[in-house]
Amino acid sequence: DLRCSLGEPPRTLRIVLQSVRDSSGEMLKGIAVTVQDLTREVELNAAQSRFISNVSHELRTPLSNIKSYVETLYELGDKISNEEKNDFLGIANSETDRLTRLVNDVLDLSRLESRKEIQFKAMDLRPALEQTLRNYKLNAQDKNVNLEMDLEETLPTILGNWDLILQVLDNLVGNGLKFSSKGGKLKLSAYTWPDICRTSPIKDIHSAPHCELVSPLPRLRIEIADNGCGITDADQQRIFERFYRVENSVHTEVGTGLGLSIVKGIIEKHGSRIFMASEPNIGTTFWFDLPLEQADADELRLQAERREDDRIWNSLTSKLEINN
(Lines give C-alpha, C1' and ligand atoms only; values in the text may rest on other atoms or scores of the structure.)
Protein backbone atom coordinates (compact mmCIF):
# COMPACT_ATOMS: atom_id res chain seq x y z
CA ASP A 1 0.00 0.00 0.00
CA LEU A 2 1.77 3.15 -1.18
CA ARG A 3 1.01 6.67 -2.38
CA CYS A 4 2.76 8.72 -5.01
CA SER A 5 2.38 11.92 -6.99
CA LEU A 6 3.05 11.91 -10.71
CA GLY A 7 2.09 13.47 -13.99
CA GLU A 8 1.66 17.08 -15.05
CA PRO A 9 -0.33 18.49 -13.42
CA PRO A 10 0.49 16.12 -10.54
CA ARG A 11 -2.11 13.78 -9.16
CA THR A 12 -2.02 11.78 -5.94
CA LEU A 13 -2.49 8.04 -6.43
CA ARG A 14 -2.87 5.19 -3.96
CA ILE A 15 -1.60 1.85 -5.21
CA VAL A 16 -2.66 -1.29 -3.36
CA LEU A 17 -1.08 -4.69 -4.12
CA GLN A 18 -2.91 -7.74 -2.84
CA SER A 19 -1.93 -11.37 -3.29
CA VAL A 20 -4.52 -13.62 -4.93
CA ARG A 21 -4.52 -17.28 -3.81
CA ASP A 22 -6.51 -20.35 -4.64
CA SER A 23 -9.42 -21.57 -2.53
CA SER A 24 -7.09 -23.43 -0.18
CA GLY A 25 -5.05 -20.29 0.41
CA GLU A 26 -1.79 -22.11 -0.28
CA MET A 27 -1.04 -21.48 -3.94
CA LEU A 28 -0.30 -17.96 -5.17
CA LYS A 29 -2.31 -17.29 -8.33
CA GLY A 30 -1.23 -13.71 -8.94
CA ILE A 31 -1.13 -10.15 -7.68
CA ALA A 32 -4.13 -7.81 -7.82
CA VAL A 33 -3.20 -4.16 -8.30
CA THR A 34 -5.71 -1.46 -7.43
CA VAL A 35 -5.02 2.17 -8.32
CA GLN A 36 -7.12 4.87 -6.65
CA ASP A 37 -7.03 8.56 -7.55
CA LEU A 38 -6.94 10.40 -4.20
CA THR A 39 -6.28 13.84 -5.63
CA ARG A 40 -9.64 15.27 -4.61
CA GLU A 41 -9.52 13.75 -1.12
CA VAL A 42 -5.99 15.02 -0.50
CA GLU A 43 -6.91 18.52 -1.59
CA LEU A 44 -10.07 18.56 0.51
CA ASN A 45 -8.08 17.52 3.58
CA ALA A 46 -5.45 20.17 2.91
CA ALA A 47 -8.09 22.83 2.31
CA GLN A 48 -9.85 21.87 5.53
CA SER A 49 -6.61 22.13 7.50
CA ARG A 50 -5.79 25.55 6.03
CA PHE A 51 -9.30 26.77 6.67
CA ILE A 52 -9.29 25.67 10.31
CA SER A 53 -5.87 27.25 10.79
CA ASN A 54 -7.02 30.55 9.31
CA VAL A 55 -10.26 30.61 11.28
CA SER A 56 -8.38 29.88 14.51
CA HIS A 57 -6.00 32.75 13.81
CA GLU A 58 -8.82 35.17 12.98
CA LEU A 59 -10.78 34.20 16.11
CA ARG A 60 -7.81 34.50 18.44
CA THR A 61 -7.17 38.23 17.89
CA PRO A 62 -10.63 39.64 18.75
CA LEU A 63 -11.03 37.17 21.63
CA SER A 64 -7.72 38.30 23.10
CA ASN A 65 -8.72 41.95 22.76
CA ILE A 66 -12.10 41.40 24.38
CA LYS A 67 -10.52 39.50 27.26
CA SER A 68 -7.84 42.18 27.81
CA TYR A 69 -10.25 45.11 28.03
CA VAL A 70 -12.91 43.29 30.04
CA GLU A 71 -10.23 42.01 32.41
CA THR A 72 -8.91 45.54 32.87
CA LEU A 73 -12.40 46.83 33.62
CA TYR A 74 -12.94 44.02 36.11
CA GLU A 75 -9.67 44.50 37.97
CA LEU A 76 -9.25 48.29 37.76
CA GLY A 77 -12.84 49.44 37.51
CA ASP A 78 -12.54 51.94 40.38
CA LYS A 79 -9.18 53.30 39.26
CA ILE A 80 -9.98 54.34 35.70
CA SER A 81 -12.10 57.24 34.50
CA ASN A 82 -15.57 56.95 33.00
CA GLU A 83 -14.16 58.08 29.66
CA GLU A 84 -11.64 55.23 29.68
CA LYS A 85 -14.36 52.77 30.68
CA ASN A 86 -16.47 53.87 27.71
CA ASP A 87 -13.47 53.52 25.39
CA PHE A 88 -12.77 50.01 26.66
CA LEU A 89 -16.41 48.96 26.32
CA GLY A 90 -16.53 50.45 22.82
CA ILE A 91 -13.50 48.42 21.75
CA ALA A 92 -14.91 45.24 23.29
CA ASN A 93 -18.21 45.85 21.50
CA SER A 94 -16.45 46.39 18.15
CA GLU A 95 -14.45 43.19 18.58
CA THR A 96 -17.66 41.31 19.42
CA ASP A 97 -19.19 42.58 16.18
CA ARG A 98 -16.07 41.43 14.37
CA LEU A 99 -16.44 37.93 15.84
CA THR A 100 -20.10 37.84 14.81
CA ARG A 101 -19.24 38.76 11.21
CA LEU A 102 -16.52 36.13 11.09
CA VAL A 103 -18.76 33.35 12.43
CA ASN A 104 -21.56 34.28 10.02
CA ASP A 105 -19.16 34.34 7.06
CA VAL A 106 -17.67 30.98 8.03
CA LEU A 107 -21.16 29.48 8.23
CA ASP A 108 -22.02 30.93 4.82
CA LEU A 109 -18.88 29.41 3.30
CA SER A 110 -19.63 26.04 4.88
CA ARG A 111 -23.12 26.02 3.39
CA LEU A 112 -21.80 26.92 -0.06
CA GLU A 113 -19.14 24.20 0.00
CA SER A 114 -21.39 21.48 1.39
CA ARG A 115 -22.64 20.82 -2.17
CA LYS A 116 -26.13 21.20 -0.78
CA GLU A 117 -28.54 21.77 -3.64
CA ILE A 118 -29.54 25.41 -4.12
CA GLN A 119 -33.19 26.07 -4.91
CA PHE A 120 -33.66 28.27 -7.98
CA LYS A 121 -36.86 30.18 -8.68
CA ALA A 122 -38.00 32.66 -11.29
CA MET A 123 -37.49 36.14 -9.83
CA ASP A 124 -37.57 39.80 -10.73
CA LEU A 125 -34.17 41.28 -9.91
CA ARG A 126 -35.24 44.95 -9.92
CA PRO A 127 -36.64 44.90 -6.33
CA ALA A 128 -33.40 43.33 -5.06
CA LEU A 129 -31.30 46.02 -6.76
CA GLU A 130 -33.51 48.82 -5.42
CA GLN A 131 -33.54 47.33 -1.91
CA THR A 132 -29.74 47.12 -1.87
CA LEU A 133 -29.32 50.79 -2.71
CA ARG A 134 -31.94 51.78 -0.11
CA ASN A 135 -30.01 49.84 2.52
CA TYR A 136 -26.87 51.89 1.84
CA LYS A 137 -28.53 55.26 1.27
CA LEU A 138 -27.66 56.65 4.71
CA ASN A 139 -24.10 55.32 4.61
CA ALA A 140 -23.63 56.94 1.21
CA GLN A 141 -24.96 60.26 2.50
CA ASP A 142 -22.55 60.15 5.44
CA LYS A 143 -19.60 59.69 3.02
CA ASN A 144 -21.07 62.10 0.45
CA VAL A 145 -21.02 59.32 -2.14
CA ASN A 146 -23.56 59.51 -4.97
CA LEU A 147 -25.45 56.23 -5.55
CA GLU A 148 -26.70 55.71 -9.10
CA MET A 149 -28.78 52.97 -10.72
CA ASP A 150 -28.91 52.35 -14.45
CA LEU A 151 -31.34 49.54 -15.29
CA GLU A 152 -32.65 48.32 -18.61
CA GLU A 153 -36.22 49.55 -18.98
CA THR A 154 -37.67 46.04 -18.92
CA LEU A 155 -35.44 43.61 -17.07
CA PRO A 156 -36.07 39.96 -17.98
CA THR A 157 -36.97 37.51 -15.22
CA ILE A 158 -34.01 35.50 -14.00
CA LEU A 159 -33.61 32.06 -12.47
CA GLY A 160 -31.89 32.35 -9.11
CA ASN A 161 -32.00 32.28 -5.33
CA TRP A 162 -33.33 35.53 -3.86
CA ASP A 163 -31.49 35.45 -0.53
CA LEU A 164 -28.12 34.50 -2.04
CA ILE A 165 -28.29 37.10 -4.80
CA LEU A 166 -29.27 39.75 -2.26
CA GLN A 167 -26.19 38.75 -0.26
CA VAL A 168 -23.99 39.19 -3.35
CA LEU A 169 -25.39 42.65 -4.08
CA ASP A 170 -25.09 43.69 -0.44
CA ASN A 171 -21.46 42.60 -0.29
CA LEU A 172 -20.36 44.22 -3.55
CA VAL A 173 -22.19 47.50 -3.00
CA GLY A 174 -20.99 47.60 0.62
CA ASN A 175 -17.38 47.05 -0.50
CA GLY A 176 -17.65 49.66 -3.22
CA LEU A 177 -19.02 52.19 -0.75
CA LYS A 178 -16.42 51.31 1.88
CA PHE A 179 -13.54 52.07 -0.47
CA SER A 180 -15.09 55.12 -2.15
CA SER A 181 -13.68 58.49 -1.22
CA LYS A 182 -15.85 61.43 -0.18
CA GLY A 183 -17.60 62.99 -3.12
CA GLY A 184 -17.28 59.79 -5.13
CA LYS A 185 -19.81 57.82 -7.16
CA LEU A 186 -21.04 54.23 -7.08
CA LYS A 187 -23.14 52.93 -9.96
CA LEU A 188 -25.26 49.79 -10.14
CA SER A 189 -26.21 48.66 -13.66
CA ALA A 190 -28.23 45.76 -15.08
CA TYR A 191 -28.86 44.87 -18.72
CA THR A 192 -29.37 41.88 -21.00
CA TRP A 193 -26.16 40.43 -22.45
CA PRO A 194 -25.70 39.58 -25.21
CA ASP A 195 -28.68 41.25 -26.88
CA ILE A 196 -31.02 38.94 -28.75
CA CYS A 197 -30.16 39.17 -32.43
CA ARG A 198 -32.74 37.84 -34.84
CA THR A 199 -32.03 37.13 -38.51
CA SER A 200 -33.96 38.97 -41.16
CA PRO A 201 -37.15 37.12 -42.15
CA ILE A 202 -37.12 34.96 -45.27
CA LYS A 203 -39.43 36.49 -47.86
CA ASP A 204 -40.27 33.27 -49.67
CA ILE A 205 -40.91 30.54 -47.10
CA HIS A 206 -41.01 27.94 -49.88
CA SER A 207 -37.50 28.73 -51.12
CA ALA A 208 -35.64 26.82 -48.40
CA PRO A 209 -36.09 25.16 -45.02
CA HIS A 210 -35.80 27.81 -42.32
CA CYS A 211 -36.37 28.58 -38.67
CA GLU A 212 -36.22 31.67 -36.49
CA LEU A 213 -32.61 32.19 -35.48
CA VAL A 214 -31.44 33.98 -32.37
CA SER A 215 -28.14 34.31 -30.56
CA PRO A 216 -27.37 31.93 -27.67
CA LEU A 217 -29.73 32.39 -24.73
CA PRO A 218 -28.74 35.74 -23.22
CA ARG A 219 -28.21 36.44 -19.54
CA LEU A 220 -28.74 39.39 -17.26
CA ARG A 221 -25.48 41.21 -16.58
CA ILE A 222 -24.97 43.08 -13.30
CA GLU A 223 -22.23 45.68 -12.84
CA ILE A 224 -21.14 47.45 -9.66
CA ALA A 225 -18.70 50.26 -10.45
CA ASP A 226 -17.03 52.84 -8.20
CA ASN A 227 -14.44 55.55 -8.74
CA GLY A 228 -12.66 54.85 -5.47
CA CYS A 229 -9.06 54.00 -4.65
CA GLY A 230 -8.87 50.96 -6.96
CA ILE A 231 -6.92 47.71 -6.53
CA THR A 232 -3.37 46.92 -7.61
CA ASP A 233 -2.59 44.09 -10.05
CA ALA A 234 -0.99 42.04 -7.27
CA ASP A 235 -4.08 42.33 -5.06
CA GLN A 236 -6.38 41.52 -7.98
CA GLN A 237 -4.69 38.12 -8.32
CA ARG A 238 -5.73 37.22 -4.76
CA ILE A 239 -8.85 39.27 -4.19
CA PHE A 240 -11.19 36.24 -4.09
CA GLU A 241 -9.00 34.20 -1.73
CA ARG A 242 -10.27 33.45 1.75
CA PHE A 243 -9.12 35.83 4.47
CA TYR A 244 -7.27 38.03 1.98
CA ARG A 245 -7.89 41.70 2.76
CA VAL A 246 -6.74 44.45 0.44
CA GLU A 247 -7.03 46.93 3.31
CA ASN A 248 -4.09 45.22 5.01
CA SER A 249 -1.78 47.08 2.64
CA VAL A 250 -3.65 50.23 1.67
CA HIS A 251 -6.60 50.69 4.03
CA THR A 252 -7.68 50.58 7.62
CA GLU A 253 -11.21 49.34 6.92
CA VAL A 254 -12.41 46.35 8.92
CA GLY A 255 -13.54 43.07 7.39
CA THR A 256 -13.20 39.31 7.68
CA GLY A 257 -11.62 38.78 4.26
CA LEU A 258 -14.30 36.21 3.41
CA GLY A 259 -16.88 38.38 1.67
CA LEU A 260 -15.61 38.09 -1.89
CA SER A 261 -14.97 34.35 -1.46
CA ILE A 262 -18.63 33.99 -0.54
CA VAL A 263 -19.68 36.15 -3.50
CA LYS A 264 -17.60 34.01 -5.86
CA GLY A 265 -19.14 30.82 -4.43
CA ILE A 266 -22.71 32.12 -4.79
CA ILE A 267 -22.19 33.26 -8.38
CA GLU A 268 -20.66 29.89 -9.27
CA LYS A 269 -23.68 28.15 -7.70
CA HIS A 270 -25.71 30.02 -10.32
CA GLY A 271 -23.56 28.51 -13.07
CA SER A 272 -21.70 31.74 -13.71
CA ARG A 273 -18.46 33.58 -12.87
CA ILE A 274 -17.57 36.96 -11.40
CA PHE A 275 -15.04 39.28 -13.04
CA MET A 276 -13.37 42.52 -12.11
CA ALA A 277 -11.40 45.38 -13.62
CA SER A 278 -9.58 47.92 -11.49
CA GLU A 279 -6.99 50.67 -11.64
CA PRO A 280 -5.42 52.33 -8.59
CA ASN A 281 -6.81 55.84 -7.94
CA ILE A 282 -9.36 55.40 -10.74
CA GLY A 283 -11.86 52.83 -9.51
CA THR A 284 -13.11 49.25 -9.61
CA THR A 285 -15.87 47.43 -11.48
CA PHE A 286 -17.22 43.97 -10.63
CA TRP A 287 -19.60 42.21 -13.01
CA PHE A 288 -21.34 38.86 -13.38
CA ASP A 289 -24.14 37.28 -15.41
CA LEU A 290 -27.27 35.59 -14.10
CA PRO A 291 -29.33 33.02 -16.05
CA LEU A 292 -32.74 33.94 -17.43
CA GLU A 293 -35.94 32.20 -16.37
CA GLN A 294 -35.82 29.96 -19.47
CA ALA A 295 -32.49 28.47 -18.40
CA ASP A 296 -32.24 24.79 -17.42
CA ALA A 297 -31.86 24.56 -13.62
CA ASP A 298 -30.24 21.12 -13.85
CA GLU A 299 -27.67 22.43 -16.33
CA LEU A 300 -26.88 25.32 -13.96
CA ARG A 301 -26.22 22.87 -11.12
CA LEU A 302 -23.98 20.80 -13.39
CA GLN A 303 -21.99 23.89 -14.33
CA ALA A 304 -21.69 24.82 -10.66
CA GLU A 305 -20.33 21.36 -9.81
CA ARG A 306 -17.80 21.58 -12.65
CA ARG A 307 -16.58 24.95 -11.42
CA GLU A 308 -16.24 23.58 -7.90
CA ASP A 309 -14.15 20.70 -9.21
CA ASP A 310 -12.03 23.14 -11.22
CA ARG A 311 -11.53 25.31 -8.13
CA ILE A 312 -10.30 22.36 -6.08
CA TRP A 313 -8.00 21.18 -8.86
CA ASN A 314 -6.55 24.65 -9.42
CA SER A 315 -5.98 25.02 -5.70
CA LEU A 316 -4.18 21.68 -5.61
CA THR A 317 -1.90 22.42 -8.55
CA SER A 318 -1.10 25.86 -7.16
CA LYS A 319 -0.12 24.37 -3.82
CA LEU A 320 2.04 21.70 -5.44
CA GLU A 321 3.82 24.32 -7.57
CA ILE A 322 4.62 26.31 -4.44
CA ASN A 323 5.89 23.23 -2.60
CA ASN A 324 8.06 22.21 -5.54
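Whatever comes next refers back to the structure up there.
Presented here is a report on the structure given in the accompanying data block. (Residues numbered from 1 in each chain as written. Predicted model: local features only at pLDDT ≥ 70, side-chain atom pairs only at ≥ 80, totals over all residues. Heavy atoms only, no water.)

## Comments concerning the nonpolar core
Link 1 in the chain: Residues Leu125, Leu129, Leu172, Ile222 and Phe288 are the most contacted members of the largest nonpolar core, which totals 53 residues.
Link 2 in the chain: The element best represented in this core is helix α5 (residues 162-178), accounting for eight residues.
Link 3 in the chain: Beyond its immediate sequence surroundings of up to four residues, leucine 129 is in contact with Met149, Leu151, Leu155, Leu169, Leu188, Ala190 and Ile222. (Core = buried A, V, L, I, M, F, W, Y, C linked by side-chain atoms within 4.5 Å. Buried < 20%, exposed > 50% of the residue type's maximum accessible area, 1.4 Å probe, protein only. Helix = DSSP H or I, 4+ residues; strand = E, 2+ residues; numbered from the N terminus. Contact = heavy atoms within 4.5 Å.)

## Brief notes about the sheet that holds strand β10 (residues 283-291)
Link 1 in the chain: The sheet built from five strands is open, its strands ordered β5-β7-β8-β10-β9 with mixed pairing. The open sheet is flanked by β5 (146-151) and β9 (274-279), the only strands paired with a single partner. Neighbour-to-neighbour, the strand axes of this sheet turn through a mean angle of 15°, independent of strand direction.
Link 2 in the chain: Summarising the sheet, strand β7 (residues 185-193) and strand β8 (residues 219-226) pair through eight bridges and their orientation is antiparallel. (Pairing = 2+ DSSP bridges. Axes fitted to C-alpha atoms, helices over the stretch in contact; angles between N-to-C directions.)

## Some details on the pattern of salt bridges
Link 1 in the chain: Here the structure, examined in full by the defined rule, presents six salt bridges.
Link 2 in the chain: In this structure, lysine 67 and glutamate 71 form a salt bridge, with 3.4 Å as the shortest nitrogen-oxygen distance. Taken together, the positions of lysine 67 and glutamate 71, both in helix α1 (residues 39-76) and four residues apart, correspond to about one turn of that helix.
Link 3 in the chain: Between lysine 187 and aspartate 150 there is a salt bridge, with the nearest N and O atoms lying 3.8 Å from each other. With lysine 187 in strand β7 and aspartate 150 in strand β5, this residue pair connects regions lying 37 residues apart in the sequence.
Link 4 in the chain: Among the residues examined, lysine 187 registers a relative accessible area of 30% and is labelled partly exposed.
Link 5 in the chain: For aspartate 150, a relative accessible area of 40% puts it in the partly exposed group. (Salt bridge = Lys/Arg side-chain N within 4 Å of Asp/Glu carboxyl O.)

## A short note on the pairing of β10
Link 1 in the chain: Along β10, seven of the nine residues are buried, which leaves the element largely enclosed by surrounding structure.
Link 2 in the chain: With eight bridges joining them, β8 and β10 adopt antiparallel strand pairing. Across the sheet, residue isoleucine 222 finds its bridge partner in β10, namely phenylalanine 288.

## Describing the packing of α5 against helix α8 (residues 259-269)
Link 1 in the chain: Here α5 crosses α8 at 145°, and the two axes come no closer than 10 Å. Where α5 crosses over α8, the two elements pack in a sense that is left-handed. The residues of α8 that touch α5, namely those facing Leu164, Gln167, Val168, Asn171, Leu172 and Asn175, are Gly259, Leu260, Ile262, Val263, Ile266 and Ile267.
Link 2 in the chain: The class makeup of the residues in the contact of α5 with α8 is eight nonpolar, four polar and no charged. (Left-handed = near helix turned anticlockwise from the far one by under 90°. Nonpolar A, V, L, I, M, F, W, Y, C, P; charged D, E, K, R; others polar.)

## Section: the packing of aromatic side chains
Link 1 in the chain: According to the stated counting rule, one finds three aromatic pairs in the structure shown.
Link 2 in the chain: Centroid distance phenylalanine 275 to tryptophan 287: 5.8 Å. Interplanar angle 20°. Geometry classified as stacked. Placement of the pair is phenylalanine 275 in strand β9 and tryptophan 287 in strand β10, with a sequence separation of twelve residues. (Phe/Tyr/Trp six-rings, centres within 6.5 Å; stacked < 30°, edge-to-face > 60°.)

## With respect to α5
Link 1 in the chain: With 17 residues, α5 extends 24 Å between its outermost C-alpha atoms, agreeing within 8% with the 24 Å of an ideal straight helix rising 1.5 Å per residue.
Link 2 in the chain: Burial runs high along α5: twelve of the 17 residues are buried.
Link 3 in the chain: Listed in full, the buried residues belonging to α5 are Leu164, Ile165, Leu166, Val168, Leu169, Asn171, Leu172, Val173, Gly174, Asn175, Gly176 and Leu177.
Link 4 in the chain: Residue asparagine 161 occupies the N-cap position of α5, its side-chain oxygen lying 3.3 Å from the main-chain nitrogen of aspartate 163. (Expected span 1.5 Å × (residues − 1). Polar contact = N/O pair within 3.5 Å; in protein donor to acceptor, adjacent residues only side chain to side chain.)

## Quick word on unusual backbone geometry
Link 1 in the chain: Positive phi, normally seen in glycine, also occurs at asparagine 144, with a value near 55°.
Link 2 in the chain: If you trace the backbone, asparagine 144 turns up in the loop between α4 (137-143) and β5.
Link 3 in the chain: Judged by relative accessible area, which is 52%, asparagine 144 ranks as exposed.
Link 4 in the chain: Of note, asparagine 281 is a non-glycine position whose phi angle comes to about 70°, a positive value.
Link 5 in the chain: Residue placement: asparagine 281 occurs in the loop between β9 and β10.

## Re the environment of methionine 276
Link 1 in the chain: Relative to the assigned elements, methionine 276 resides in strand β9.
Link 2 in the chain: The buried category is assigned to methionine 276, whose relative accessible area is 16%.
Link 3 in the chain: Separated by 51 residues in sequence, methionine 276 and alanine 225 have C-alpha atoms that sit 9.5 Å apart.
Link 4 in the chain: Aside from chain neighbours lying at most four places away, what touches methionine 276 is Ile231, Gln236, Ile239, Thr284, Thr285, Phe286 and Trp287.

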